[in-house]
Amino acid sequence: MNEAEDKSSATDTEADSVFKSSLYFDLKRELKDTKDEYVWGNAGDKVIATSKLVGKGIANLGVFSAKLGWVVIKSLPAEMEKAAARQNSKK
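Residues numbered from 1 in each chain as written. Predicted model: local features only at pLDDT ≥ 70, side-chain atom pairs only at ≥ 80, totals over all residues. Heavy atoms only, no water.

(A) Examining the overall build of the chain more closely. A tally of regular secondary structure across the chain gives three helices and zero strands. Element order for the chain, N to C, with α for helix and β for strand: α-α-α. Within the chain, buried positions represent 10% of all 91 residues. At a minimum sequence separation of 6, the contacts of the chain that also span at least 24 residues come to 66%. When the accessible surface of the chain is summed, it comes to about 7200 Å², and 63% of that surface belongs to carbon and sulfur atoms. (Helix = DSSP H or I, 4+ residues; strand = E, 2+ residues; numbered from the N terminus. Buried < 20%, exposed > 50% of the residue type's maximum accessible area, 1.4 Å probe, protein only. Contact = heavy atoms within 4.5 Å. Areas by Shrake-Rupley, 256 points an atom, 1.4 Å probe, with all protein chains shown as cover.)

(B) Inspection of the side chain of Thr34 at higher detail. Relative to the helices and strands, Thr34 resides in helix α2 (residues 27-40). For Thr34, a relative accessible area of 7% puts it in the buried group. Here Glu30 takes part through its backbone oxygen, which lies 2.9 Å from a polar atom of the side chain of Thr34. (Polar contact = N/O pair within 3.5 Å; in protein donor to acceptor, adjacent residues only side chain to side chain.)

(C) Region of the structure containing the side chain of Asn60. One can find Asn60 in helix α3 (residues 43-90). Filtering out sequence-adjacent residues up to four positions away, Asn60 remains in contact with Leu23, Tyr24, Phe25 and Leu27.

(D) The packing of α2 against α3, seen in detail. The interhelical angle for the contact between α2 and α3, taken along N-to-C directions, is 165°, at an axis separation of 8 Å. With respect to each other, α2 and α3 are oriented roughly antiparallel. As for how α2 packs across α3, the hand of that crossing is left-handed. Residues Leu27, Arg29, Glu30, Leu31, Thr34, Glu37 and Tyr38 of α2 form the contact with α3, whose participating residues are Asp45, Lys46, Ala49, Thr50, Lys52, Leu53, Lys56, Gly57 and Asn60. Of the residues belonging to the contact of α2 with α3, the class tally is five nonpolar, four polar and seven charged. (Axes fitted to C-alpha atoms, helices over the stretch in contact; angles between N-to-C directions. Parallel < 35°, antiparallel > 145°, perpendicular 65-115°, else oblique. Left-handed = near helix turned anticlockwise from the far one by under 90°. Nonpolar A, V, L, I, M, F, W, Y, C, P; charged D, E, K, R; others polar.)

(E) Representation of α2 within the structure. Between its first and last C-alpha atoms α2 spans 20 Å; for 14 residues at 1.5 Å apiece the expected length is 20 Å, and the two agree. Capping the start of α2 is the job of one residue whose side-chain oxygen sits 3.4 Å from the backbone nitrogen of Lys28: Asp26. (Expected span 1.5 Å × (residues − 1).)

Printed below as a string of structure tokens:
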């Protein structure tokens, strides 16, 4: 296996790790709880359940953004080398 294939497989593993993490909240369970509150709860319970669902969704988005940003930062030097090589080959 050459160096390019090693980098490619490392990037694939990193992409998978962006989507799979113990840091993410379980939104399926939270959605079920929110639905239950809409069926059985009063107005205050509905507001609280909805706020929790939205907050956990935003937290998951933040975790995803941070993990994706880290993958991009780690791959930046290799991408800069590729861009420089392309630029030099055009001259």
